Amino acid sequence: MLPLKGITVVTLEQAIAVPFATRQLADLGARVIKIERPVTGDFARNYDTTVNGLSSHFVWCNRSKESIVLDLKNEKDKEAFNCLLEIADVFIQNLAPGALERMGYEPKKLIQKHPKLIICSLSGYGSGGLYQNKKAYDLLIQCESGLVSITGSKDTPSKAGISIADIAGGMYVYSGVLTALLNREKSGKGTILEVSMLEALGEWMSYPMYYASYGGKDPERTGASHSTIYPYGSFACKEGKKVFLGIQNEREWASFCEHVLKKTSLVTDARFMNNTNRSKNREELKEIIENQFKEMSIHDVISKLEKAKIANARLNTMKDFFEHPQLEARERWRTVKTTAGSIAALIPPVTMEGFEPVMDPVPALGEHTDAILTELGLSSFSNE
């Protein structure tokens, strides 16, 4: 039995955050009905054309869903939407602030009409406050939350290379809806929940926030290194290849000195006797480490690090990750159908005994419109 089999999710979604959340609900067996606007649909369909002509963003976030095209400015199509809400367990939306209310679907009134419905809204900054109606995209939330200020090199603040604000928001929509479903089992009542991307990413920013607010100084931007832990980051090996490693405690530091650097005197060297001193004298220590590493191939360095039980990694490209031997060994890949042919897809990261996640096709725009309207007893619609 799939965990969410029998749960119907109706969603007015676009871009990444909510589609990412609802795809995970679909992975667990929920029926996800995705309402899309006529002609263009979810604008993430057109972000790029790199996956056999389809958008990489869209195929990532939209497998296992049903797509229905409705124009919610049209009264007949609003009738279809109303019927969908009648059969829904969960309604999720991330339209522009106030858009849902302007269409006549204020959440408090909706839950009066549908007392068992779980209603979830995601926005950039949340309802109320000076930022309520401010436009919010991933980069902008990364800036407002302070992430960009601590990411990148000393001279160049940088955004994260993925849509981390969208993903953070989507994860809290996902976990929030699961929590609300669990609570409904106990109370028999639906609820209204809200997720702000600023607050979602803000939760993930708590360590640097505390560090700066109580320490009086922002963490420094250190590229792939760590602002307060050392050695931590990349170190050059023979032929210019780089290995990444992280040392978390004094036991690991002693093992690193003895088995990798072959310099046990460093363990008691006053400059490096604890993490605070190692971080303070990181340039001197980096030179010592790289002078040793530059005489060895990356294979030899990693071999020594493994024997010393020091955490390490190579710098993989995305192609390297796609071909990662660990993913292959753990059989993490499945095949998902699209309108442009089959593609590889990673199964969800939570492995649970007793069921296989749903890995159904990525829908074409409006692919399920006729079938859903027929199911609802509505034979005509405005988008033919």
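Given the structure is predicted, the values throughout are model-derived calculations rather than measurements.

Asker: Where do I start with unusual backbone geometry in this structure?
Answerer: A negative phi angle characterises most non-glycine residues, just as the trans form characterises most peptide bonds. For the peptide bond that leads from Tyr230 to Pro231, omega is 0°, which places it in the cis range. Not every positive phi belongs to a glycine, and Ala15 is a case in point at roughly 65°. Tracing the chain through its elements places Ala15 in the loop between strand S1 (8-12) and helix H1 (17-27). For Ser64, which is not glycine, the phi dihedral falls at a positive 65°. Tracing the chain through its elements places Ser64 in the loop between helix H2 (56-61) and strand S3 (65-69). A relative accessible area of 12% means that Ser64 is categorised as buried.

Asker: Hey, could you run me through the nonpolar core in this one?
Answerer: When a protein is soluble and globular, its nonpolar side chains tend to lie buried together. Counting 35 residues, the largest nonpolar core has Val9, Leu25, Val90, Ile92, Val173, Val177 and Leu201 as its most contacted members. Of all the secondary structure elements, the ones that give two or more residues to this core are H1, strand S4 (90-93), strand S5 (118-123), helix H8 (164-187), strand S6 (191-196) and helix H9 (197-204). The element that contributes the greatest number of residues to this core is H8, accounting for eight residues. Apart from residues no more than four positions distant in its own chain, Ile92 is found in contact with Val9, Val10, Thr11, Leu12, Val18, Thr22, Leu25, Cys120, Val173 and Val177. Within the second largest apolar cluster, 26 residues are counted, among which are Ala80, Phe81, Ala88 and Leu110.

Conventions used here
Residues numbered from 1 in each chain as written. Predicted model: local features only at pLDDT ≥ 70, side-chain atom pairs only at ≥ 80, totals over all residues. Heavy atoms only, no water. Helix = DSSP H or I, 4+ residues; strand = E, 2+ residues; numbered from the N terminus. Buried < 20%, exposed > 50% of the residue type's maximum accessible area, 1.4 Å probe, protein only. Core = buried A, V, L, I, M, F, W, Y, C linked by side-chain atoms within 4.5 Å. Contact = heavy atoms within 4.5 Å.

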